Structure formats: C-alpha cells, structure tokens
Amino acid sequence: MGISAYLKEIARGAQGARALDRAQAADLLGQVLDGACTDLEIGAFCVAMRVKGETPQELAGFLDALHARLAMPPRADRPVVVLPSYNGARKLPVLTPLLALMLARKGLPVLVHGTPTENGRVTAPSVLARLGVQPQPATQALASGHVHFVATESLHPGLQALLDVRRAIGVRNSAHSLVKLMNPVDGPALVVGSYTHAEYLASMTATFELTGAHAMLLRGTEGEPVADARRTPRMDVFLNGAAQLVQEGRAGPLARLPTLPTQVDAASTAQYIVAVLAGVLPAPEPILLQVEHIVRACKAIEAKSDSSCLQRLSA
C-alpha cells in the first residue's frame, strides 16, 4: 500500500506523532529496503523518525524486516562475536580491531561489519586492512579463531543506501541504530552494541530485551563497540534478552594509563595493535575486561544451546 499511511502517523511532529506497532514498522522498513519508495518518501521517513524517535516496538519491527533480507554468513561452530563498526575515531585510536583480534585468539569467530558514516575519521576497516584482514562476501563462512570483515553493502545494498541518506540530509536516521542492534549471522551470535548518549542506552536495552537477543551493551569509544582504553565503562550482557550487569563502570581514569599512539591514523593504530598482540606493550585493562566478559557470555550461549539440544533429543 506504500508508506504514505505510515508517514501520516509518524510525521506529525514530536508531540503529535503516533508510534507504529511491530508489524507496521516491519512493513514500512521492508518497503524502504526493497526499493519500493521514492527518494522523497525515504527522506520524509528519515526526518520523521529522527524527530519522533524510535520506540522499542518499532526498532524490533525494523529488525524483523532487516533480518528477513540480509545476506548472512552461515552458522559457525561457535557463537560469533559481532562488532558493528560505523563511527570510526577522531580523537582516540580506533581499537575495535584490537578487540576483534584478542577475541579471535580466544578461539571465537569474530565478524566486524560496517561502512564509513562520517568524513574525517579513521575507520576500523582501514586498520584491519593494514593488519591483513580484507573484506569478504557476506555469505562466506566464518571460522573460529579468525577475524572477518563484511562491508554493509554486501549484507544489504538497501541498508547501505539508507545509511548514505545522512550525507544528503545531514542527520542520522533509524538505520544508524539498527546496524548496532542487528545480528547479521545465520546462527548464535553475541552482538556487541555501543551507545554514546543515555537515551540510546535505554532504547537499546529495551530492544535487546524485547527481541530476546544475545548481546553486550556498553558506552563505546566514540561510538565504536570497544571499551575506552583509559577508563572502564559499565557493561551489561543479555542472554535471550535477559540483562545482567557484568561490569560496574569505574569513575575517573585508570590509576595507570595505557601507552596509546599519539597519532590516530590507520598506520599508527595498526602498529600499536601489533605491539600489544606481541606483548611489547600491555593491553589496556578495560579491553581485557571486555574480552573476559565476552568470552564468558559466549560460553553461556554454548551451554544454553547444548541444553536445548539435549531437551530436544529427550523429547
């Protein structure tokens, strides 16, 4: 029926807009992703949701539409750690690749997905490329003990196009929230979601709970899903949507600050990561803690999966 009926509900301003239910939200975003909307309709959708704000039901519906359309890597033999990397870094080195490689050393399959969304930032893919991790097709298998990078366009061109709307209208839209919530893997995964403002903490928490997700949520470094190397943030883990505080945030900087590169370019960041992995420089304590909590959560996911298998076999 087109999305005009939905626009009439969501585009009435911050006070007059009405929220969509989950099925309506799924239908709306499905039409956007499928290319069934004009540029004018897509712009209206993006601005309307920006003004209104997404409810957890709407985000869940958007995720339903997205998960039904993504090109996904096949199920891995262990839970996949999913690291959405869309912000990059401007002031600090982007250490998402360090987190990914440390997790791979623990024997986990790691999927980094993303695309640049802001100019003038150093991106995780540029650092990964210097470390020998090149983009791969979305449907290629994920191996335990390895880091894989998949560009957003490979996951779904329509999602990439929606992210690119920001360059035309100047403000973020719902796609920028969805990429930090979605599970782009055909099987068990732990999505490491990050937020920059308190309102996103509340909405992401409610969405992970509503969708029954396996996830970690923390205030990341400049929007990246990696703990700030200088201070330990609060970390929550969700298993089947049930939240548990696993790490209290620590006020103020660490007693002993890590040695970080003075430049934030891709080459300096990659050199720093190599030095940390070689043991020449110590790994930042907050990232070590994050790795520990992620590994523990993935073991819990495996235990839940094994239990479910046993229940099915005994039924």
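Here we summarise the structure given alongside this text. (Residues numbered from 1 in each chain as written. Predicted model: local features only at pLDDT ≥ 70, side-chain atom pairs only at ≥ 80, totals over all residues. Heavy atoms only, no water.)

### With respect to the packing of aromatic side chains
Going through the model one piece at a time under the given rule, you end up with two aromatic pairs. Ring centres of phenylalanine 45 and phenylalanine 62 lie 5.9 Å apart, and the angle between their planes is 90°; this geometry places the pair in the edge-to-face category. Pair noted here: phenylalanine 45 is in helix α4 (residues 39-52) and phenylalanine 62 is in helix α5 (residues 56-67), with a separation of 17 residues, a long-range link. Take phenylalanine 45 and phenylalanine 62: they sit in the same class, and that class is buried. An angle of 50° between the planes, with centres 5.3 Å apart, marks the rings of phenylalanine 208 and phenylalanine 238 as tilted. In this pair, phenylalanine 208 sits in helix α11 (residues 198-211) while phenylalanine 238 sits in strand β6 (residues 235-239), placing the two residues 30 residues apart along the sequence. Neither residue differs from the other here; phenylalanine 208 and phenylalanine 238 are each classed as buried. (Phe/Tyr/Trp six-rings, centres within 6.5 Å; stacked < 30°, edge-to-face > 60°. Helix = DSSP H or I, 4+ residues; strand = E, 2+ residues; numbered from the N terminus. Buried < 20%, exposed > 50% of the residue type's maximum accessible area, 1.4 Å probe, protein only.)

### Quick notes on the sheet that holds strand β1 (residues 80-85)
The mixed open sheet is built from seven strands, whose spatial order is β3-β2-β1-β4-β5-β6-β7. Both edges of this open sheet fall to β3 (147-151) and β7 (242-247), since each of them pairs with a single strand only. Going from strand to strand, the sheet's axes swing by 25° on average, the running direction of each strand aside. Strands in contact with α11 are β4 (189-195), β5 (215-219), β6 and β7; relative to β5, the strand with the most contacts, it is inclined by about 175°. (Pairing = 2+ DSSP bridges. Axes fitted to C-alpha atoms, helices over the stretch in contact; angles between N-to-C directions. Contact = heavy atoms within 4.5 Å.)

### Here we look at the packing of α5 against α11
The geometry of α5 relative to α11 is characterised by a closest axis approach of 9 Å and an angle of 60° between their N-to-C directions. With respect to each other, α5 and α11 are oriented oblique. Relative to α11, α5 is oriented so that their crossing is right-handed. Contacts between α5 and α11 involve Pro56, Gln57, Leu59, Ala60 and Leu63 from the first element and Ser203, Ala206, Thr207, Leu210 and Thr211 from the second. Counted by class, the contact of α5 with α11 contains six nonpolar, four polar and no charged residues. (Parallel < 35°, antiparallel > 145°, perpendicular 65-115°, else oblique. Left-handed = near helix turned anticlockwise from the far one by under 90°. Nonpolar A, V, L, I, M, F, W, Y, C, P; charged D, E, K, R; others polar.)

### Examining the environment of glycine 193
By the element assignment, glycine 193 lies in strand β4. It is 9.0 Å that separates the C-alpha atoms of glycine 193 and valine 179, two residues lying 14 residues apart in sequence. Setting aside residues no more than four positions away along its own chain, glycine 193 makes contact with Lys180, Met204, Met216, Leu217 and Leu218.

### As for the environment of arginine 256
Looking at the secondary structure, you find arginine 256 in the loop between β7 and α12 (266-277). For the pair arginine 256 and alanine 143, spaced 113 residues apart in sequence, the C-alpha separation works out to 36 Å.

### Considering the side chain of lysine 52
With respect to the secondary-structure elements, lysine 52 resides in helix α4. Among the polar contacts made by the side chain of lysine 52, one reaches the side chain of glutamate 58 at a distance of 2.7 Å. Apart from the residues lying within four places of it in its own chain, the contact partners of lysine 52 are Ile10, Ala17, Arg18, Ala19 and Glu58. (Polar contact = N/O pair within 3.5 Å; in protein donor to acceptor, adjacent residues only side chain to side chain.)

No statement about biological role is implied by the geometric values presented.
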